[in-house]
2 protein chains.
Amino acid sequence: MDGLRSVMAAPPVTRRDVLAARKTIAGRVHRTPTLTSALLERQLGVPVYLKAELFQRTGSFKPRGVLNKLASLSAEEKARGVIGISAGNHAQALAYGAALAGVDALIVMWQGASEQKLEATRNYGATVDLQASDSGGAFERLHELLAETGRTLVHPFDDPLVIAGQGTVGLEVAEDAPEADVLVVPVGGGGLISGVVSAVDRRVVAVEPETSAALHEALAAGKPVDVSPESIADGLNAPFAGENAVAICQGRVESVLVSEGEIEAGFRFLYGRAKLACEPAGAAGVAALLAGKVPLKGAKAVAVVVSGGNVAAETAAAILAGR
Amino acid sequence: MDGLRSVMAAPPVTRRDVLAARKTIAGRVHRTPTLTSALLERQLGVPVYLKAELFQRTGSFKPRGVLNKLASLSAEEKARGVIGISAGNHAQALAYGAALAGVDALIVMWQGASEQKLEATRNYGATVDLQASDSGGAFERLHELLAETGRTLVHPFDDPLVIAGQGTVGLEVAEDAPEADVLVVPVGGGGLISGVVSAVDRRVVAVEPETSAALHEALAAGKPVDVSPESIADGLNAPFAGENAVAICQGRVESVLVSEGEIEAGFRFLYGRAKLACEPAGAAGVAALLAGKVPLKGAKAVAVVVSGGNVAAETAAAILAGR
């Protein structure tokens, strides 16, 4: 019976949830443009669409999920505030969303987090906890603070409401590039791709760095496994994939890995040819396409999410100079 | 009578010409997105729109004017081919437009032109003449070749049909940012701003580098004057402003100059905050806004053209690293 229940279980997120999320967050996120690349089309032989989520508020797709989650909180939960863990895009999105919702936000980071990201998060009005010395310690610190403060956790990727919010990216791509029958998505903890898979009925390709492949490993193992991510695509460096992500993506996505050099080449292509000042994580999907790693036989068109643009100027300069 | 005729003369380009140009080039240029910047809005106190012409085909607004001009050629003129002079964006646009129109293109450049721009121009199928040793020599070479070959000149900025084509940028901004009552435009030889001024009835601000101010000097002198431009915004380094530009812009635009440092700061802002991988020329308008050089008292909103994105990776890296 347990096995049967598991097989028959409703997925944790459905298209209906994503449609509801779109209504919930309407007006507070940008409808980012879907651009075309004639050059990629020539190289790949099919039209290529770039969903430019780097233009989203706070510089990545992350506010979509955050705002959907925050909208679900009761007045009492709002009064107690929220807590999150992130050294990157989720931190900024949560700080931004909480400020919009008038909710106090506490973000757990760790020593060594970039000054720039700390500053951006604080500028949106959040409090940052920097007690932990590394990311492992930060998760322990998060659990302490959760217990101490009674704040509501806004998970960076594995909350069904967060996933449903991220899925609105998929709805927009399907509308703006209706002929794109292949969607290519950079993957860290799996929130964005889980939302996209839930939103649309098309081929979905998960792209992860070889050195940061939490979802790839989890799909192979059939459950989340701990990894030690270490990619230049820091936005994808999740230490594990979400349980919901694994449940949603199992059997429904194709998994592709890209090397660090391929990510850098994708980054340079997006800057130099598509004129998109993305972050390395945001270039992972294009990297996979340029490397010929996404099978396109029979495809009518392909859409790829350029998921974010928050990169330190020095990092961008080094990648651009390093061809 | 001459004076009277001059005062009463019809302007060389009218809104009607720009509307006609839009029909002529429809379907062969992108309708580029008009993005907002919440950060600039906070800094300036009014909504700010960024017209992202760096996403235009060939990486700048230039194909608009080129395609409008090429469409006016007779079959005989087309058979004789076209000729242009440029070491940058106009070269790529003319090569691209001529290839689309099935017209042979010869582009006069000069020794020292960047390999990247040479290659891009040749890749679109144009022939490049590299006999001249500098830009002055290139103009002499152009006149020789015009006489020898009977090709039609597609001027980079001072042809009324080119100006009308560039003006379609203004129509789109007016539609996509209707409340923007101030338009800020980077200026080289004056083609784009002349088109914009002809297209819309709003305040228009011309932004030029202090070290490359052909239109500024021309408006002061009442006629084009030779300058020796030397800005990091190489896309604005015109050796003189067009006669038509002076006729159109005199008394109708406000002129603002920006320093090289301000252009670099604008460039870094666009990369880091707006996520736009522009070229230095494309950042000049934003530079003027960030420097507080555009008077915004009483303005409802401001739109600024980010005119192009063709920059060598090494140049971009150096500016990004050089804060």
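Residues numbered from 1 in each chain as written. Chains lettered and ligands numbered in written order. Predicted model: local features only at pLDDT ≥ 70, side-chain atom pairs only at ≥ 80, totals over all residues. Heavy atoms only, no water.

Caption draft 1: How the structure looks around the interface of chain B and chain A. Across the boundary between the two partners, chain B contributes 22 residues, which contact 22 residues of chain A. Here chain B meets chain A over a buried area of about 1700 Å², counting both sides, of which 66% is carbon and sulfur. Our enumeration of links across chain B and chain A arrives at zero salt bridges. The interface formed by chain B and chain A includes six residue pairs in polar contact (both at pLDDT 80 or more). (Contact = heavy atoms within 4.5 Å. Buried area = accessible area lost by both parts, 1.4 Å probe. Salt bridge = Lys/Arg side-chain N within 4 Å of Asp/Glu carboxyl O. Polar contact = N/O pair within 3.5 Å; in protein donor to acceptor, adjacent residues only side chain to side chain.)

Caption draft 2: Inspection of helix α11 (residues 191-199) of chain B at higher detail. The buried fraction of α11(B) amounts to nine of the nine residues, a majority that puts the element mostly inside the structure. Among all positions of α11(B), only B:G191, B:L192, B:I193, B:S194, B:G195, B:V196, B:V197, B:S198 and B:A199 are buried. (Buried < 20%, exposed > 50% of the residue type's maximum accessible area, 1.4 Å probe, protein only. Helix = DSSP H or I, 4+ residues; strand = E, 2+ residues; numbered from the N terminus.)

Caption draft 3: Quick peek at the sheet that holds strand β6 (residues 152-153) of chain A. Residues and elements named next belong to chain A. Taken in spatial order, the four strands make up an open sheet running β5-β4-β3-β6, and their pairing is parallel. At either margin of the open sheet sits one strand with a lone partner, and together these are β5 (127-132) and β6. Helix α7 (residues 115-123) contacts β4 (105-110) and β5 of the sheet and is inclined by roughly 140° relative to β5. (Pairing = 2+ DSSP bridges. Axes fitted to C-alpha atoms, helices over the stretch in contact; angles between N-to-C directions.)

Caption draft 4: Molecular detail of helix α12 (residues 214-221) of chain B. All names here are of chain B. Within α12, the full set of buried residues consists of A214, L215, A218 and L219. Taken around the axis of α12, the buried residues stretch over an arc of 125°, which confines them to a single face. Tucked into the core, α12 has its buried residues touching α11, β8 (203-209) and α13 (243-249). Among the residues trailing α12, G222 stands out with phi positive, at a value near 80°. (Arc of directions from axis to C-beta.)

Caption draft 5: Looking closely at unusual backbone geometry. One non-glycine residue, A:T58, lies in positive phi territory at about 70°. If you trace the backbone, A:T58 turns up in the loop between β2 (48-52) and α4 (63-70).

Caption draft 6: View of the relation of the copies chain B and chain A. Of the transformation superimposing chain B on chain A, the axial component is 0.0 Å and the angular component is 180°, with the fit at an RMSD of 0.0 Å. The transformation just described matches what one would write down for a two-fold rotation axis. Rotation axis and chain B: the residue whose C-alpha lies nearest the axis is B:A317, separated from it by 2.0 Å. A share of 100% of interface residues in chain B that are also interface residues in chain A marks the association as one of identical surfaces. (Least-squares fit on C-alpha atoms with pLDDT ≥ 70 in both.)

Caption draft 7: Quick peek at the packing of helix α2 (residues 15-25) of chain A against α4(A). Residue and element names in this part refer to chain A. One way to put it is that α2 packs onto α4 with a least axis distance of 9 Å and a crossing angle of 85°. Between α2 and α4, the interaxial angle falls into the category roughly perpendicular. Each of A21, T24 and I25 in α2 lies in contact with α4, whose residues at this interface are R64, L67 and N68. For the contact of α2 with α4, a count of residues per class yields three nonpolar, two polar and one charged. (Parallel < 35°, antiparallel > 145°, perpendicular 65-115°, else oblique. Nonpolar A, V, L, I, M, F, W, Y, C, P; charged D, E, K, R; others polar.)

Caption draft 8: Summary view of the domain arrangement of chain A. Residues and elements named next belong to chain A. According to the domain assignment, chain A consists of domain 1 (2-62 + 160-320) and domain 2 (64-153). Computed from C-alpha atoms alone, the centre-to-centre distance between domain 1 and domain 2 is 23 Å. Of the roughly 1900 Å² buried between domain 1 and domain 2 on both sides combined, carbon and sulfur atoms contribute 56%. Contact with domain 2 buries area across many residues of domain 1, yet T58, K62 and L161 alone supply 34% of it, more than any other trio. Counting every contact that joins domain 1 to domain 2 gives three salt bridges. For the salt bridge of E172 with R64, the shortest nitrogen-to-oxygen distance reads 3.0 Å. At the boundary of domain 1 with domain 2, the tally comes to 13 residue pairs in polar contact (both at pLDDT 80 or more). Residue contributions to the side of domain 1 that touches domain 2 peak at five residues, all from helix α9 (residues 160-166). Taken together, the residues of the side of domain 1 that touches domain 2 break down into twelve nonpolar, ten polar and eight charged. (Domains from an automatic or database assignment.)

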